[in-house]
Each structure stands twice: as C-alpha cells, then as structure tokens.
Amino acid sequence: MTTDTSPRIELVCPAGGLPALKTAVDHGADCVYAGFRDETNARNFTGLNFDDKALAEGVKYAHSRRAKVLIALNTFPQASNWSRWTAAVDRAAGHGVDAVILADLGLMDYAAHRHPNLRLHLSVQGSATNYEAINFYRERFGIQRAVLPRVLSLAQVEQVIANTQVEIEVFGFGGLCVMVEGRCALSAYATGTSPNCQGACSPGKAVRWEQTPQGMETRLNGILIDRYADGERAGYPTLCKGRFEVDEETYYAIEEPTSLNTLEMLPELMRIGVSAIKIEGRQRSPAYVEQVTKVWRAAIDACRRDAANFVPKAAWMAELNKVSEGQSHTLGAYYRPWK
Amino acid sequence: MKTFKLPDFTLPALLTRLGPRLPQLPPTLVLVGALNAALRTARGPALGHLLPKELLEPLIGRRVTLRVLDAGMTLRFAYGERGFRPSFDNAPADLTMSARTRDFLALLLREEDADTLFFGRRLLMEGDTELGLLVKNTLDGIDLPRFDLAQLSSRLAPAELLSRLGEYLARRAVPHH
Ligand code: SF4
C-alpha cells in the first residue's frame, strides 16, 4: 500500500486465461485485460482466451479484490461478420466488465448507443497518435481512455496529455509491433490471415520451426524468415522480425527482435500525467504474468514513494530481460533524440 | 502459494548417452498415466475435469513426441477417444517438443513461460505449431485449485505421477565422478 498523494498510475496486465488473470490480480495488477475465444480480439490464438464461464469467474475474482477487468474487442469487423462483434460488446457488458477496448469506429458507435454506461477505451489498434484524433473519439463516443501507439516520443506523449481530458495509457513492457498499429499488412500478405481483422499475426497454422544442420529455421507459410545459430536467442515468428537478404547482406531489415521496457522512465511517465501502464503479452503463460506483474508493481510503488530517487533495481531489469524477446530491451520511440 | 522453486539442473551427460539405449516404455507409461489421470480427475460438479475433454478434441488421432534432451529419452504417445496411449511405432509425430527435464517440469509447474524458454532456445516445437499452441494454451488455461502439489494424496493424481516420473529420472541420474 502506498500512503502518499502522488498521482495514481494504473498497472494494466494481460491475461490469456483464468489462471493468468488470477495471477495478475494476486500480484498487484490494478486492471487485467482479456479477450473472448474468437477473432474479436487481436490475440486470437488456439486454446487462448475466455469463454463465458471463465470470464464470469474472472470478473468475480477481480472485483472481489478491487481490480478491474477490461475486455479487448480491438479488431475490425467486416460487413459480413459485424454481428459477431456487436454480440461480443453485449456479452462484455453483460458480464459487468469495467471497460471495453475498441478500435473500430462503427463498433464504438454501437457500444456508445447500446450501452451508454459502459466505459470505452480506444485501443492501440485505433492508431490515434495525436490529441485531435483522441478528442474526436471523446466528442463523438465519450471515450474515457486512449492507449497510445508505440510510435510517439516522450515529448509527444506529454503534448497529447496536455491537450486532452481523455486518460492516456501507454505501453510499458513487452513485444513491439513496428508498424503503425492496426495497419500492418505483413502477416496478411504472407499468410492470408489479417491480424487486424482475424486477430492473429503469424497464426500457428502458418508457422513451422525446424532444427536443421544450419540452425533452427523459422518459416511462415513456407517462407524462410529466420535461421538461428545454436544458442542464439530467438524471437517471435513474425515477418517484421525476420532476417532478410538486402544488397547481399542478411540482417534484420525491418526491426530487431527486442522488447520494450520503459521501467527507467517511470518517474517521467508519472510526471507528465500518464494514467496507466500496459504490459503486453496475452499470449503468454501465467508464469510470465506473475514475473512481470511483480516487478512492475514493486517499481510503481517505489516510484510513487520517492520519484526523485527512483532507480530501477538491477534484479528487476534482470527479471524482465529474462522473459524478453530477442537479445535486448529498448525504450522504443519514447526516447528519440531526433524530432 | 508454491512452496519450492525448481533449481536449474541438467542431468549428467552419461545419462544423456545411455538414455536412448534404455527402455523408453516405462517413462512413457508414467506420463500417459498422469495425463489420463488428469482427464479423470474431477474438480467438483461446477468446475468439470482437470483436463477438459472438449478442449482436447483437436488432439484426437494426433501423435506427440516429447524429447527429454538431457535424459536421452524420447516419449511417444497419442491421444484418442479413450484417452492418451503410448505409440509403439516410429511413425513421424505431428508435434515434437524438445527440452531438458528441468524445463519440461518448470512448464508443467507453471514456473516458466513457454515463450521465455523458446526465446532462450531451451524449448523447441517442431511439426504442427497450431497443435503445439493448443497444448500449451490449454495447459495454461486450466484453473488449478490452490493446494500444495505435494499434499495430493491419491496415487493416481497427476502431481503424484509427475513426481514418480521425477523419481524415475533421479534414479537414472548418476552422479558425476
Ligand atoms: S508483422 Fe510485426 S508489425 Fe506486423 S502485426 Fe505482426 S508483429 Fe506487428
């Protein structure tokens, strides 16, 4: 428990299933975000996510411990399947969740009219990178929070916050998605499945790993996207993090497999008025959720007690690096000397 | 709350070399027994079974191989209408998972995340990745009741069988000289 009066910053943790949700709540998450078992959310992977029974229990569990449950409905419906998304909004509202995280304008409109008391968060997939866009969502649909895409520098985040009443949530830790969020066509191009409409980047059915004499190979729909030497750290099987031959040189031509980690920026994020920090990783196991939630809870509490002297502990960084993709972590776009 | 953490260990190299020459059936039977017990273990009328049958439907008729690298063991089994059974032939598996004993146990005990092990090259999943995701996510989604695993009394309880598998491995683990 913190006793000071410094601004509250919510810790928003991922849950791919009921055990992960409970783990997050037990280790200090203020909010847990989750999705249904279908393409209405951007982690539509086999065996993952919540059916009604699990969600009912999850909401009960979280609420009895004063934690919130947010439901991500952050993919884009098409004319032919629209009703599946509206039904998902109704289901979430029926479960008494604390907010839905939406990206699609039409769905936003539906939710605002059908469930006027349901809190709306704008998903990172909505790709609103400036306050004008965010204020538009506020004006039209009454959104209360926006999750910022991982493309803004800290100064830009500060400028957004200064010019909107909407609460701002930023990504603090986890996998990076290089493209302007919600707009990436790489995986759809290679696999025929769109992450933005069907909720899966590099779906399992398109991924093959194989140990060969040359190293461990990753293929996406038959296309070789990376080959790892023995002992070399691996990354997710996504096209953006593949190594490709460009001008006779083979390297990470789009993005290196690294994880975002903004722990050291925590005092700054609090100072500029960020309302919530999101941890990426609904596709991961309860063990990850436990490890990451513990570290971030401890760090946020320490920073709220004494922001001026806050230094991330080496043990926290080591724990986070251990669960990270690739070889290293990065501050992403938050730290960018150029403008 | 969990009471102990798995230490980081690798079975001795001698065992890795000897392993393939020892019979693979006993450990496979223990594993298959544990999985079938998990299928039968009811958690009360409201919660259903430890391993929900509906979720395993896509596994029917599929062959899975676990390669326990440091034990030099290859455990082959399949899932069918009547549960898990060992596979006796050498037909290629639909899914092969390779890791050290310690890391397989850490996954089952929820001490490590599969992606973390994969990034660190401690877990390899070959074959049908979709099937692998199903297995991993189904295991992760099982809401285990909170009790000390060691206190389970039934001889057929999965944890008990798991620890018997551990004992079996430990008996085969010879100290370094
Ligand atoms: S390919 Fe990369 S950038 Fe594109 S959606 Fe997938 S993870 Fe994101």
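In case you missed it, the structure is sitting above this.
Thresholds, definitions, all that
Residues numbered from 1 in each chain as written. Chains lettered and ligands numbered in written order. Predicted model: local features only at pLDDT ≥ 70, side-chain atom pairs only at ≥ 80, totals over all residues. Heavy atoms only, no water. Helix = DSSP H or I, 4+ residues; strand = E, 2+ residues; numbered from the N terminus. Buried < 20%, exposed > 50% of the residue type's maximum accessible area, 1.4 Å probe, protein only. Contact = heavy atoms within 4.5 Å. Areas by Shrake-Rupley, 256 points an atom, 1.4 Å probe, with all protein chains shown as cover. Pairing = 2+ DSSP bridges. 1 Å grid on protein atoms, 1.4 Å probe; cavity = no way out; pocket = protein on both sides within 12 Å on 5 of 7 lines; lining within 4 Å. Points joined across faces, edges and corners; volume = space filled by probe spheres on them. Nonpolar A, V, L, I, M, F, W, Y, C, P; charged D, E, K, R; others polar.

J.: Can you break down the overall build of chain B residue by residue, with the values?
T.: Across its full length, chain B carries seven helices and five strands. In sequence order, chain B lays out its α and β elements as α-α-α-β-β-β-β-α-α-β-α-α. Among the 177 residues that make up chain B, the fraction classed as buried is 50%. A separation of at least 24 residues holds for 70% of the contacts in chain B among residues at least 6 apart in sequence. For chain B, the exposed surface amounts to about 9,100 Å²; the carbon and sulfur share of it is 61%.

J.: For the pairing of strand β13 (residues 258-261) of chain A, give the residues involved together with the corresponding values.
T.: Residues and elements named next belong to chain A. Taken together, the three bridges between strand β7 (residues 167-175) and β13 define a ladder with antiparallel strand orientation. Bridge pairing in β13 links Phe-173 to Asn-261. The sheet contact formed by β13 and strand β15 (residues 328-330) spans three bridges and is parallel. From the neighbouring strand, Thr-258 faces β15, where its bridge partner is Ser-328.

J.: Please provide a residue-by-residue account of empty space enclosed by the protein, values included.
T.: Gaps left between atoms show up when a probe the size of a water molecule is rolled over them. Residue and element names in this part refer to chain B. Scanning the entire structure with this criterion turns up one cavity of 30 Å³ or more. Volume-wise, the largest cavity comes out at about 40 Å³. The wall of the largest cavity is formed by Arg-63, Val-64, Thr-65, Arg-76, Ser-87, Asp-89, Ala-91, Pro-92 and Ala-93. Sort the elements by how many residues they give to the lining of the largest cavity and strand β1 (residues 63-68) lands first, with three residues. The class makeup of the residues in the lining of the largest cavity is four nonpolar, two polar and three charged.

These values are about where atoms sit, not about what they do.
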